[in-house]
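# Secondary and tertiary structure notes
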Amino acid sequence: MELYIFFLTISFSFFSCYIFAKKIINYLNPWCKCEICQAFITSSWREKFTNLPDWYAHLLSNSPTKTIHIHIMNNTIIADPKNLEHILRARFDNYPKGKPMSAILGDLLGQGIFIVDGEHWRFQRKLASLELGAVSVRAYAYEVLNNVVEERLVPDLLTSSGEAVDFQDVLKKFSFVNICRFSFGVDPEGLDGLAGAFDIASSVSSERALCPSQLVWRAKRLLNLGSERRLKAAISKVNILAENIIRERKKKGFNNKSDLLSRFMGSVSDDKYLRDIVVSFLLAGRDTVASGLTIFFYLMARNPNVEARILEESDRVLGQRLSSCNTAIPTMEELRKMEYLQAVMYETLRLYPPVQMDSKFAKNDDVLPDGTHVKKGTRVAYHPYAMGRMETIWGPDCLEFKPERWLNDEGVFVPVSPYKYPVFQAGVRPCLGKDMGLLAMKVVAHTLVRRFHIRLVDPSWSPHFVPGLTATLKDGMPVVVTER
Ligand code: HEM
(Lines give C-alpha, C1' and ligand atoms only; values in the text may rest on other atoms or scores of the structure.)
Protein backbone atom coordinates (compact mmCIF):
# COMPACT_ATOMS: atom_id res chain seq x y z
CA MET A 1 0.00 0.00 0.00
CA GLU A 2 2.87 2.37 0.93
CA LEU A 3 4.55 1.60 -2.39
CA TYR A 4 1.30 2.34 -4.19
CA ILE A 5 0.97 5.75 -2.45
CA PHE A 6 4.65 6.45 -3.21
CA PHE A 7 4.15 5.81 -6.97
CA LEU A 8 0.92 7.81 -6.97
CA THR A 9 2.69 10.78 -5.35
CA ILE A 10 5.63 10.56 -7.80
CA SER A 11 3.25 10.32 -10.81
CA PHE A 12 1.21 13.25 -9.54
CA SER A 13 4.39 15.33 -9.05
CA PHE A 14 5.57 14.52 -12.58
CA PHE A 15 2.14 15.37 -13.94
CA SER A 16 2.09 18.72 -12.06
CA CYS A 17 5.64 19.51 -13.29
CA TYR A 18 4.55 18.66 -16.85
CA ILE A 19 1.50 20.95 -16.65
CA PHE A 20 3.60 23.73 -15.11
CA ALA A 21 6.35 23.35 -17.76
CA LYS A 22 3.74 23.39 -20.52
CA LYS A 23 2.22 26.60 -19.12
CA ILE A 24 5.65 28.23 -19.01
CA ILE A 25 6.42 27.09 -22.58
CA ASN A 26 3.06 28.42 -23.76
CA TYR A 27 3.70 31.69 -21.95
CA LEU A 28 7.18 32.05 -23.43
CA ASN A 29 6.04 30.90 -26.86
CA PRO A 30 3.37 33.32 -27.98
CA TRP A 31 3.23 31.76 -31.45
CA CYS A 32 -0.17 30.93 -32.78
CA LYS A 33 -1.19 27.29 -32.70
CA CYS A 34 -3.51 27.39 -35.72
CA GLU A 35 -2.87 24.85 -38.46
CA ILE A 36 -1.57 27.40 -40.99
CA CYS A 37 0.82 29.08 -38.53
CA GLN A 38 2.13 25.72 -37.30
CA ALA A 39 2.73 24.57 -40.89
CA PHE A 40 4.52 27.87 -41.53
CA ILE A 41 6.77 27.65 -38.43
CA THR A 42 7.65 24.00 -38.86
CA SER A 43 7.80 24.20 -42.69
CA SER A 44 5.59 21.09 -42.76
CA TRP A 45 3.91 22.51 -45.90
CA ARG A 46 7.03 21.23 -47.71
CA GLU A 47 5.73 17.67 -47.29
CA LYS A 48 3.12 18.37 -49.99
CA PHE A 49 4.41 21.42 -51.89
CA THR A 50 7.76 22.25 -53.48
CA ASN A 51 7.06 25.98 -53.65
CA LEU A 52 5.71 28.27 -50.94
CA PRO A 53 3.44 30.10 -53.45
CA ASP A 54 1.84 26.75 -54.36
CA TRP A 55 0.94 26.19 -50.71
CA TYR A 56 -0.54 29.70 -50.50
CA ALA A 57 -2.44 29.06 -53.76
CA HIS A 58 -3.89 25.88 -52.23
CA LEU A 59 -4.90 27.64 -49.00
CA LEU A 60 -6.40 30.65 -50.78
CA SER A 61 -8.36 28.54 -53.28
CA ASN A 62 -9.86 26.52 -50.43
CA SER A 63 -10.73 29.53 -48.29
CA PRO A 64 -14.44 30.46 -48.64
CA THR A 65 -13.53 34.19 -48.64
CA LYS A 66 -10.25 33.69 -50.57
CA THR A 67 -8.50 35.34 -47.63
CA ILE A 68 -6.06 33.68 -45.21
CA HIS A 69 -4.11 34.81 -42.14
CA ILE A 70 -0.57 33.98 -41.10
CA HIS A 71 -1.09 35.22 -37.53
CA ILE A 72 2.52 34.85 -36.41
CA MET A 73 3.56 37.21 -39.22
CA ASN A 74 0.60 39.53 -38.63
CA ASN A 75 -0.08 38.92 -42.30
CA THR A 76 -3.44 38.79 -44.10
CA ILE A 77 -3.25 37.45 -47.66
CA ILE A 78 -6.07 38.29 -50.06
CA ALA A 79 -7.06 36.94 -53.48
CA ASP A 80 -10.62 38.15 -54.04
CA PRO A 81 -10.68 40.84 -56.78
CA LYS A 82 -13.11 42.95 -54.68
CA ASN A 83 -10.63 42.98 -51.80
CA LEU A 84 -7.82 43.95 -54.19
CA GLU A 85 -9.82 46.85 -55.58
CA HIS A 86 -10.47 47.96 -52.00
CA ILE A 87 -6.81 48.12 -50.94
CA LEU A 88 -5.30 49.20 -54.28
CA ARG A 89 -7.88 51.84 -55.27
CA ALA A 90 -10.80 52.61 -52.92
CA ARG A 91 -8.74 52.76 -49.68
CA PHE A 92 -5.33 53.28 -51.32
CA ASP A 93 -4.37 55.87 -48.68
CA ASN A 94 -4.90 53.35 -45.90
CA TYR A 95 -2.56 50.79 -47.48
CA PRO A 96 0.85 52.39 -48.03
CA LYS A 97 4.10 50.46 -48.39
CA GLY A 98 4.65 51.53 -44.78
CA LYS A 99 7.58 51.63 -42.39
CA PRO A 100 7.99 47.84 -42.00
CA MET A 101 8.60 47.57 -45.76
CA SER A 102 11.19 50.37 -45.63
CA ALA A 103 12.87 48.54 -42.75
CA ILE A 104 12.99 45.20 -44.60
CA LEU A 105 14.13 46.52 -47.99
CA GLY A 106 15.63 49.87 -46.99
CA ASP A 107 19.27 48.74 -46.91
CA LEU A 108 19.04 47.68 -50.56
CA LEU A 109 16.49 50.09 -52.03
CA GLY A 110 17.03 53.19 -49.83
CA GLN A 111 14.52 55.85 -50.89
CA GLY A 112 13.82 54.15 -54.25
CA ILE A 113 10.30 54.19 -55.74
CA PHE A 114 9.40 50.64 -54.69
CA ILE A 115 9.35 51.27 -50.95
CA VAL A 116 8.53 54.94 -50.46
CA ASP A 117 5.20 56.68 -50.00
CA GLY A 118 4.10 60.33 -50.02
CA GLU A 119 6.24 63.03 -51.63
CA HIS A 120 9.24 60.83 -52.50
CA TRP A 121 6.92 58.40 -54.28
CA ARG A 122 4.93 61.10 -56.13
CA PHE A 123 8.14 62.80 -57.31
CA GLN A 124 9.73 59.61 -58.68
CA ARG A 125 6.49 58.34 -60.20
CA LYS A 126 5.89 61.64 -61.98
CA LEU A 127 9.35 61.82 -63.54
CA ALA A 128 9.41 58.13 -64.42
CA SER A 129 5.97 58.21 -66.03
CA LEU A 130 6.92 61.25 -68.12
CA GLU A 131 9.83 59.19 -69.43
CA LEU A 132 8.21 55.75 -69.74
CA GLY A 133 4.91 57.09 -71.06
CA ALA A 134 6.38 59.18 -73.92
CA VAL A 135 5.64 57.82 -77.40
CA SER A 136 9.14 58.70 -78.60
CA VAL A 137 10.57 56.55 -75.79
CA ARG A 138 8.80 53.47 -77.14
CA ALA A 139 10.69 53.75 -80.43
CA TYR A 140 13.95 54.30 -78.54
CA ALA A 141 13.25 51.29 -76.31
CA TYR A 142 12.50 49.18 -79.37
CA GLU A 143 15.75 50.16 -81.04
CA VAL A 144 17.80 49.45 -77.88
CA LEU A 145 16.06 46.10 -77.44
CA ASN A 146 16.68 44.89 -80.98
CA ASN A 147 20.32 45.99 -80.78
CA VAL A 148 20.90 44.06 -77.55
CA VAL A 149 19.12 40.99 -78.98
CA GLU A 150 21.01 41.04 -82.29
CA GLU A 151 24.43 42.10 -80.98
CA ARG A 152 24.56 40.21 -77.68
CA LEU A 153 21.90 37.59 -77.13
CA VAL A 154 21.81 35.87 -80.54
CA PRO A 155 25.64 35.73 -80.97
CA ASP A 156 26.02 34.33 -77.40
CA LEU A 157 23.47 31.61 -78.16
CA LEU A 158 25.12 30.75 -81.48
CA THR A 159 28.45 30.34 -79.67
CA SER A 160 27.00 27.97 -77.09
CA SER A 161 24.85 26.08 -79.62
CA GLY A 162 24.48 22.40 -78.66
CA GLU A 163 25.81 22.91 -75.11
CA ALA A 164 23.79 22.96 -71.90
CA VAL A 165 23.29 26.51 -70.63
CA ASP A 166 21.40 28.02 -67.71
CA PHE A 167 18.71 30.01 -69.52
CA GLN A 168 17.71 31.99 -66.44
CA ASP A 169 21.28 33.28 -66.27
CA VAL A 170 21.38 34.03 -70.03
CA LEU A 171 18.13 36.03 -69.79
CA LYS A 172 19.16 37.89 -66.65
CA LYS A 173 22.36 38.99 -68.37
CA PHE A 174 20.39 40.10 -71.42
CA SER A 175 17.84 42.04 -69.32
CA PHE A 176 20.62 43.63 -67.30
CA VAL A 177 22.34 45.03 -70.40
CA ASN A 178 19.00 46.06 -71.90
CA ILE A 179 17.79 47.96 -68.83
CA CYS A 180 21.19 49.64 -68.31
CA ARG A 181 21.25 50.85 -71.92
CA PHE A 182 17.60 51.87 -71.96
CA SER A 183 17.15 53.39 -68.49
CA PHE A 184 20.64 54.74 -67.85
CA GLY A 185 22.10 55.17 -71.35
CA VAL A 186 25.24 53.17 -70.42
CA ASP A 187 26.62 49.72 -71.16
CA PRO A 188 27.40 47.69 -68.04
CA GLU A 189 30.46 46.14 -69.74
CA GLY A 190 32.72 44.45 -67.18
CA LEU A 191 30.11 44.72 -64.44
CA ASP A 192 28.80 41.15 -64.79
CA GLY A 193 30.13 39.97 -61.40
CA LEU A 194 28.18 42.72 -59.74
CA ALA A 195 24.91 41.40 -61.16
CA GLY A 196 25.40 38.31 -58.94
CA ALA A 197 25.71 40.59 -55.90
CA PHE A 198 22.41 42.10 -56.93
CA ASP A 199 20.80 38.62 -56.83
CA ILE A 200 22.15 37.93 -53.32
CA ALA A 201 21.02 41.32 -52.05
CA SER A 202 17.52 40.81 -53.47
CA SER A 203 17.12 37.30 -52.09
CA VAL A 204 18.48 37.99 -48.57
CA SER A 205 16.39 41.17 -48.31
CA SER A 206 13.22 39.21 -49.04
CA GLU A 207 14.21 36.42 -46.63
CA ARG A 208 13.93 39.10 -43.93
CA ALA A 209 10.22 39.33 -44.71
CA LEU A 210 9.84 35.62 -43.84
CA CYS A 211 11.29 36.04 -40.30
CA PRO A 212 8.47 35.80 -37.73
CA SER A 213 10.09 38.69 -35.84
CA GLN A 214 12.16 41.61 -37.13
CA LEU A 215 14.31 41.16 -34.02
CA VAL A 216 15.89 38.08 -35.61
CA TRP A 217 17.37 39.78 -38.66
CA ARG A 218 17.99 43.05 -36.84
CA ALA A 219 20.14 41.20 -34.25
CA LYS A 220 22.02 39.38 -37.03
CA ARG A 221 22.58 42.70 -38.80
CA LEU A 222 23.88 44.31 -35.60
CA LEU A 223 26.31 41.44 -35.04
CA ASN A 224 27.12 41.19 -38.77
CA LEU A 225 26.32 37.45 -38.85
CA GLY A 226 25.35 34.89 -41.52
CA SER A 227 22.93 36.09 -44.19
CA GLU A 228 23.13 39.70 -42.93
CA ARG A 229 26.89 39.64 -43.39
CA ARG A 230 26.39 38.40 -46.98
CA LEU A 231 23.76 41.09 -47.55
CA LYS A 232 26.10 43.82 -46.37
CA ALA A 233 28.87 42.62 -48.69
CA ALA A 234 26.44 42.32 -51.62
CA ILE A 235 25.03 45.82 -51.05
CA SER A 236 28.56 47.27 -51.06
CA LYS A 237 29.05 45.72 -54.52
CA VAL A 238 25.64 46.96 -55.71
CA ASN A 239 26.65 50.45 -54.57
CA ILE A 240 29.80 50.23 -56.70
CA LEU A 241 27.66 49.22 -59.69
CA ALA A 242 25.22 52.11 -59.17
CA GLU A 243 28.04 54.62 -58.61
CA ASN A 244 29.76 53.46 -61.81
CA ILE A 245 26.54 53.90 -63.77
CA ILE A 246 26.02 57.41 -62.39
CA ARG A 247 29.68 58.38 -62.99
CA GLU A 248 29.56 57.01 -66.55
CA ARG A 249 26.32 58.91 -67.29
CA LYS A 250 27.77 62.14 -65.89
CA LYS A 251 30.90 61.67 -68.02
CA LYS A 252 28.75 61.29 -71.15
CA GLY A 253 26.72 64.37 -70.23
CA PHE A 254 22.99 64.33 -69.72
CA ASN A 255 21.69 67.31 -71.60
CA ASN A 256 19.53 65.48 -74.15
CA LYS A 257 17.51 63.73 -71.37
CA SER A 258 16.83 60.75 -73.65
CA ASP A 259 17.06 58.24 -70.84
CA LEU A 260 15.49 57.91 -67.42
CA LEU A 261 18.64 58.58 -65.41
CA SER A 262 19.38 61.80 -67.33
CA ARG A 263 15.85 62.95 -66.61
CA PHE A 264 16.34 62.34 -62.88
CA MET A 265 19.80 63.95 -62.93
CA GLY A 266 18.20 67.13 -64.24
CA SER A 267 16.22 67.43 -60.96
CA VAL A 268 18.26 65.51 -58.35
CA SER A 269 21.75 66.53 -57.25
CA ASP A 270 22.08 64.11 -54.30
CA ASP A 271 24.17 61.11 -55.47
CA LYS A 272 22.78 58.84 -52.73
CA TYR A 273 19.23 59.52 -53.95
CA LEU A 274 20.31 58.88 -57.54
CA ARG A 275 21.87 55.58 -56.38
CA ASP A 276 18.52 54.54 -54.84
CA ILE A 277 16.70 55.41 -58.08
CA VAL A 278 19.19 53.42 -60.20
CA VAL A 279 18.91 50.33 -57.95
CA SER A 280 15.09 50.40 -58.03
CA PHE A 281 14.96 50.63 -61.81
CA LEU A 282 17.51 47.84 -62.17
CA LEU A 283 15.30 45.65 -60.02
CA ALA A 284 12.14 46.70 -61.85
CA GLY A 285 13.42 46.14 -65.34
CA ARG A 286 15.93 43.31 -65.06
CA ASP A 287 14.46 40.62 -62.87
CA THR A 288 10.80 40.87 -63.88
CA VAL A 289 11.46 40.55 -67.62
CA ALA A 290 14.07 37.80 -67.15
CA SER A 291 11.71 35.86 -64.87
CA GLY A 292 8.77 36.09 -67.28
CA LEU A 293 10.93 35.08 -70.26
CA THR A 294 12.60 32.13 -68.51
CA ILE A 295 9.22 30.61 -67.73
CA PHE A 296 8.00 31.39 -71.26
CA PHE A 297 10.74 29.11 -72.67
CA TYR A 298 9.89 26.42 -70.09
CA LEU A 299 6.27 26.54 -71.25
CA MET A 300 7.33 26.42 -74.92
CA ALA A 301 9.41 23.30 -74.26
CA ARG A 302 6.31 21.73 -72.70
CA ASN A 303 3.85 23.00 -75.34
CA PRO A 304 5.36 22.64 -78.85
CA ASN A 305 1.89 23.20 -80.35
CA VAL A 306 1.86 26.75 -78.93
CA GLU A 307 5.35 27.40 -80.28
CA ALA A 308 4.17 26.19 -83.71
CA ARG A 309 1.24 28.65 -83.62
CA ILE A 310 3.58 31.53 -82.73
CA LEU A 311 5.63 30.67 -85.82
CA GLU A 312 2.53 30.41 -88.02
CA GLU A 313 1.36 33.84 -86.89
CA SER A 314 4.82 35.32 -87.40
CA ASP A 315 4.98 33.87 -90.95
CA ARG A 316 1.59 35.35 -91.73
CA VAL A 317 2.34 38.84 -90.35
CA LEU A 318 5.86 39.11 -91.80
CA GLY A 319 4.67 37.57 -95.09
CA GLN A 320 6.67 38.69 -98.12
CA ARG A 321 9.52 40.08 -96.03
CA LEU A 322 10.57 36.54 -95.11
CA SER A 323 11.34 35.63 -98.75
CA SER A 324 14.40 37.89 -98.73
CA CYS A 325 15.41 37.32 -95.09
CA ASN A 326 14.19 34.50 -92.86
CA THR A 327 15.36 36.34 -89.75
CA ALA A 328 13.63 39.66 -90.54
CA ILE A 329 13.08 41.83 -87.46
CA PRO A 330 9.40 42.80 -87.15
CA THR A 331 8.52 46.47 -86.99
CA MET A 332 6.64 47.66 -83.90
CA GLU A 333 3.49 47.73 -85.99
CA GLU A 334 3.99 44.11 -87.12
CA LEU A 335 4.65 42.99 -83.55
CA ARG A 336 1.43 44.72 -82.48
CA LYS A 337 -0.48 42.63 -85.04
CA MET A 338 0.71 39.40 -83.39
CA GLU A 339 -2.36 38.87 -81.20
CA TYR A 340 -1.56 35.23 -80.44
CA LEU A 341 1.94 36.15 -79.21
CA GLN A 342 0.36 38.75 -76.92
CA ALA A 343 -2.04 36.10 -75.59
CA VAL A 344 0.87 33.72 -74.92
CA MET A 345 2.65 36.41 -72.90
CA TYR A 346 -0.44 37.11 -70.76
CA GLU A 347 -1.03 33.41 -70.24
CA THR A 348 2.62 32.85 -69.23
CA LEU A 349 2.43 35.67 -66.68
CA ARG A 350 -0.95 34.46 -65.40
CA LEU A 351 0.48 31.11 -64.28
CA TYR A 352 3.96 32.42 -63.40
CA PRO A 353 3.82 36.11 -62.44
CA PRO A 354 7.30 37.57 -61.81
CA VAL A 355 5.97 39.29 -58.65
CA GLN A 356 4.27 36.39 -56.86
CA MET A 357 3.08 38.30 -53.79
CA ASP A 358 3.04 41.99 -52.99
CA SER A 359 2.51 43.62 -49.57
CA LYS A 360 1.06 46.79 -48.08
CA PHE A 361 0.63 47.79 -44.41
CA ALA A 362 -2.67 48.99 -42.92
CA LYS A 363 -2.35 52.55 -41.59
CA ASN A 364 -5.62 52.32 -39.62
CA ASP A 365 -8.16 49.64 -38.66
CA ASP A 366 -10.36 48.67 -41.60
CA VAL A 367 -12.91 46.11 -42.81
CA LEU A 368 -12.42 44.45 -46.21
CA PRO A 369 -15.40 43.89 -48.56
CA ASP A 370 -15.42 40.18 -47.56
CA GLY A 371 -15.95 41.21 -43.90
CA THR A 372 -12.36 40.57 -42.76
CA HIS A 373 -11.34 42.92 -39.94
CA VAL A 374 -7.89 44.40 -40.49
CA LYS A 375 -6.06 45.86 -37.50
CA LYS A 376 -3.77 48.87 -37.87
CA GLY A 377 -0.23 47.64 -38.65
CA THR A 378 -1.33 44.39 -40.33
CA ARG A 379 0.59 43.40 -43.41
CA VAL A 380 -2.00 42.94 -46.17
CA ALA A 381 -0.67 41.14 -49.24
CA TYR A 382 -2.35 40.25 -52.53
CA HIS A 383 -1.18 37.12 -54.33
CA PRO A 384 -1.04 37.21 -58.17
CA TYR A 385 0.41 33.66 -58.30
CA ALA A 386 -2.52 32.19 -56.37
CA MET A 387 -5.05 34.31 -58.25
CA GLY A 388 -3.77 33.03 -61.61
CA ARG A 389 -4.61 29.49 -60.45
CA MET A 390 -8.11 30.08 -59.10
CA GLU A 391 -11.10 28.29 -60.52
CA THR A 392 -13.41 31.07 -59.33
CA ILE A 393 -11.55 33.53 -61.59
CA TRP A 394 -10.42 31.41 -64.57
CA GLY A 395 -12.82 28.47 -64.61
CA PRO A 396 -12.24 24.72 -64.29
CA ASP A 397 -9.28 24.76 -66.73
CA CYS A 398 -7.43 27.34 -64.57
CA LEU A 399 -4.30 25.19 -64.25
CA GLU A 400 -3.98 24.61 -68.01
CA PHE A 401 -1.69 26.71 -70.17
CA LYS A 402 -4.22 27.92 -72.77
CA PRO A 403 -3.35 31.18 -74.59
CA GLU A 404 -6.69 30.97 -76.48
CA ARG A 405 -8.51 32.04 -73.32
CA TRP A 406 -7.30 35.57 -74.06
CA LEU A 407 -8.65 35.69 -77.65
CA ASN A 408 -12.18 36.39 -78.87
CA ASP A 409 -13.82 34.58 -81.80
CA GLU A 410 -12.00 36.85 -84.28
CA GLY A 411 -8.65 35.97 -82.69
CA VAL A 412 -8.31 39.43 -81.14
CA PHE A 413 -6.70 39.78 -77.69
CA VAL A 414 -9.17 40.76 -74.94
CA PRO A 415 -7.75 41.95 -71.59
CA VAL A 416 -9.44 41.32 -68.20
CA SER A 417 -9.82 43.53 -65.13
CA PRO A 418 -6.43 44.20 -63.47
CA TYR A 419 -8.05 43.35 -60.12
CA LYS A 420 -8.47 39.78 -61.43
CA TYR A 421 -5.07 39.79 -63.07
CA PRO A 422 -2.83 41.96 -60.85
CA VAL A 423 0.42 40.82 -62.50
CA PHE A 424 1.37 44.50 -63.01
CA GLN A 425 -0.49 45.59 -59.86
CA ALA A 426 -3.65 47.69 -60.29
CA GLY A 427 -5.38 50.81 -58.98
CA VAL A 428 -3.41 53.94 -58.06
CA ARG A 429 0.11 52.50 -58.18
CA PRO A 430 0.38 50.10 -61.13
CA CYS A 431 3.65 49.14 -62.83
CA LEU A 432 5.10 51.96 -64.92
CA GLY A 433 7.03 49.63 -67.20
CA LYS A 434 4.22 47.28 -68.25
CA ASP A 435 4.37 48.15 -71.97
CA MET A 436 8.16 48.17 -71.92
CA GLY A 437 8.27 44.82 -70.14
CA LEU A 438 5.79 43.16 -72.51
CA LEU A 439 7.59 44.61 -75.52
CA ALA A 440 10.91 43.17 -74.32
CA MET A 441 9.33 39.77 -73.70
CA LYS A 442 7.68 39.71 -77.13
CA VAL A 443 10.82 40.77 -79.03
CA VAL A 444 13.01 38.15 -77.33
CA ALA A 445 10.37 35.42 -77.54
CA HIS A 446 9.70 36.09 -81.23
CA THR A 447 13.37 36.29 -82.25
CA LEU A 448 14.49 33.20 -80.35
CA VAL A 449 11.51 31.05 -81.33
CA ARG A 450 12.20 31.86 -85.02
CA ARG A 451 15.91 31.13 -84.80
CA PHE A 452 16.45 28.41 -82.22
CA HIS A 453 15.16 25.16 -80.77
CA ILE A 454 15.33 25.56 -77.00
CA ARG A 455 14.79 22.32 -75.10
CA LEU A 456 15.05 21.39 -71.40
CA VAL A 457 18.10 19.26 -70.53
CA ASP A 458 15.84 17.22 -68.25
CA PRO A 459 12.36 17.01 -69.82
CA SER A 460 10.83 16.30 -66.38
CA TRP A 461 12.26 19.54 -64.92
CA SER A 462 9.75 21.81 -63.18
CA PRO A 463 10.16 25.25 -61.58
CA HIS A 464 11.51 25.39 -58.01
CA PHE A 465 11.49 28.94 -56.69
CA VAL A 466 13.61 30.53 -53.96
CA PRO A 467 12.45 33.48 -51.85
CA GLY A 468 13.15 36.68 -53.74
CA LEU A 469 11.60 40.01 -54.62
CA THR A 470 10.87 38.52 -58.04
CA ALA A 471 10.31 34.86 -58.92
CA THR A 472 13.76 33.27 -59.16
CA LEU A 473 14.53 29.61 -59.94
CA LYS A 474 16.61 27.76 -57.36
CA ASP A 475 19.22 26.22 -59.66
CA GLY A 476 18.39 28.08 -62.85
CA MET A 477 16.89 26.34 -65.90
CA PRO A 478 19.32 24.13 -67.85
CA VAL A 479 18.48 24.00 -71.59
CA VAL A 480 20.16 23.03 -74.84
CA VAL A 481 19.92 25.60 -77.60
CA THR A 482 20.34 24.62 -81.26
CA GLU A 483 19.91 26.66 -84.41
CA ARG A 484 16.77 25.96 -86.45
C1 HEM B 1 7.05 41.52 -67.15
C2 HEM B 1 7.59 42.61 -66.64
C3 HEM B 1 7.10 43.34 -65.41
C4 HEM B 1 6.23 42.97 -64.43
C5 HEM B 1 5.46 41.65 -64.30
C6 HEM B 1 6.14 44.07 -63.50
C7 HEM B 1 5.35 44.06 -62.35
C8 HEM B 1 5.29 45.10 -61.44
C9 HEM B 1 4.56 45.07 -60.20
C10 HEM B 1 3.72 43.92 -59.67
C11 HEM B 1 4.74 46.27 -59.59
C12 HEM B 1 4.22 46.70 -58.21
C13 HEM B 1 5.32 46.44 -57.21
C14 HEM B 1 5.05 47.02 -55.87
O15 HEM B 1 4.40 48.05 -55.74
O16 HEM B 1 5.53 46.44 -54.90
C17 HEM B 1 5.59 47.06 -60.45
C18 HEM B 1 5.97 48.34 -60.16
C19 HEM B 1 6.83 49.06 -60.95
N20 HEM B 1 7.38 48.68 -62.14
FE21 HEM B 1 7.07 46.93 -63.09
N22 HEM B 1 6.95 45.07 -63.92
C23 HEM B 1 7.56 44.68 -65.10
C24 HEM B 1 8.47 45.39 -65.84
C25 HEM B 1 8.88 46.66 -65.57
C26 HEM B 1 9.85 47.41 -66.35
C27 HEM B 1 10.55 46.89 -67.61
C28 HEM B 1 10.01 48.61 -65.74
C29 HEM B 1 10.88 49.78 -66.10
C30 HEM B 1 11.47 49.98 -67.21
C31 HEM B 1 9.12 48.63 -64.58
C32 HEM B 1 8.97 49.68 -63.72
C33 HEM B 1 8.20 49.67 -62.58
C34 HEM B 1 8.17 50.77 -61.63
C35 HEM B 1 8.93 52.07 -61.73
C36 HEM B 1 7.29 50.38 -60.61
C37 HEM B 1 6.93 51.18 -59.35
C38 HEM B 1 5.61 51.90 -59.54
C39 HEM B 1 5.22 52.67 -58.28
O40 HEM B 1 5.51 52.23 -57.18
O41 HEM B 1 4.58 53.72 -58.45
N42 HEM B 1 8.46 47.44 -64.51
N43 HEM B 1 5.90 46.33 -61.57
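Note: the structure precedes this text.
This is a predicted model, so every value here is computed, not measured.

On to unusual backbone geometry. Of note in the backbone geometry, S43 takes a positive phi value of approximately 60° without being a glycine. In this fold, S43 is placed in the loop between α2 (35-42) and α3 (52-62). Given 10 C-beta atoms within 10 Å, S43 falls into the exposed group. Located in the positive-phi region is N224, a residue other than glycine, with phi close to 55°. With 11 C-beta atoms packed within 10 Å, N224 lands in the exposed category.

Our next topic: the site of the ligand. Residues in close proximity to the ligand total 23 residues, the closest being A284, T288, C431, G433 and G437. The set of elements that each furnish at least two residues to the shell around the ligand consists of α6 (118-133), α13 (271-302) and α20 (434-451). Element by element, the count of residues in the shell around the ligand is highest for α13, at 6 residues. Across the shell around the ligand, the residue classes break down as 13 nonpolar, 7 polar and 3 charged.

This part takes up the packing of helix α7 (residues 135-159) against α20. Two numbers describe how α7 lies on α20: the axes approach to 10 Å, and their chain directions differ by 35°. As α7 runs across α20, the sense of the crossing is right-handed. For the pair α7 and α20, the contacting residues are A141, Y142, L145, N146, V149 and V154 in the first and M436, L439, A440, V443, V444, T447 and R451 in the second. Looking at the contact of α7 with α20 residue by residue, the classes come out as 10 nonpolar, 2 polar and 1 charged.

Spatial strand order, β3-β11-β8: 3 strands in an open sheet with antiparallel pairing. The sheet terminates laterally at β3 (164-166) and β8 (452-456), the two strands that pair on one side only. Taking each pair of neighbouring strands and ignoring which way they run, the sheet shows an average axis angle of 40°. Pairing analysis gives 5 bridges linking β8 to strand β11 (residues 478-483), with the strands arranged antiparallel. Following the sheet pairing, H453 is matched in β11 by T482. Running at roughly 85° to β8, α13 makes contact with β8 and β11 of the sheet.

Turning next to the sheet that holds strand β4 (residues 358-361). Sheet strands pair via backbone hydrogen bonds, and the direction of the pair is either parallel or antiparallel. If you trace the 4 strands from one edge of the open sheet to the other, you get β1-β2-β7-β4, paired in mixed fashion. Each edge of the sheet is formed by a strand with only one pairing partner; in this case those strands are β1 (67-70) and β4. Within this sheet the neighbouring strands show an average axis-to-axis angle of 25°, counted without direction. In the sheet, β1 pairs with strand β2 (residues 75-78) via 4 bridges, with the strands oriented antiparallel. Among the inter-strand pairings, T67 is bridged to a residue of β2, identified as I78. Across the sheet, helix α5 (residues 98-109) touches β4 and β7 (379-382), and the angle it forms with β4 is around 130°.

The rules behind these values
- Residues numbered from 1 in each chain as written.
- Predicted model: local features only at pLDDT ≥ 70, side-chain atom pairs only at ≥ 80, totals over all residues.
- Helix = DSSP H or I, 4+ residues; strand = E, 2+ residues; numbered from the N terminus.
- Buried ≥ 20, exposed ≤ 12 C-beta atoms within 10 Å, placed from the backbone.
- Near = placed C-beta within 6 Å.
- Nonpolar A, V, L, I, M, F, W, Y, C, P; charged D, E, K, R; others polar.
- Axes fitted to C-alpha atoms, helices over the stretch in contact; angles between N-to-C directions.
- Left-handed = near helix turned anticlockwise from the far one by under 90°.
- Contact = placed C-beta atoms within 7 Å.
- Pairing = 2+ DSSP bridges.

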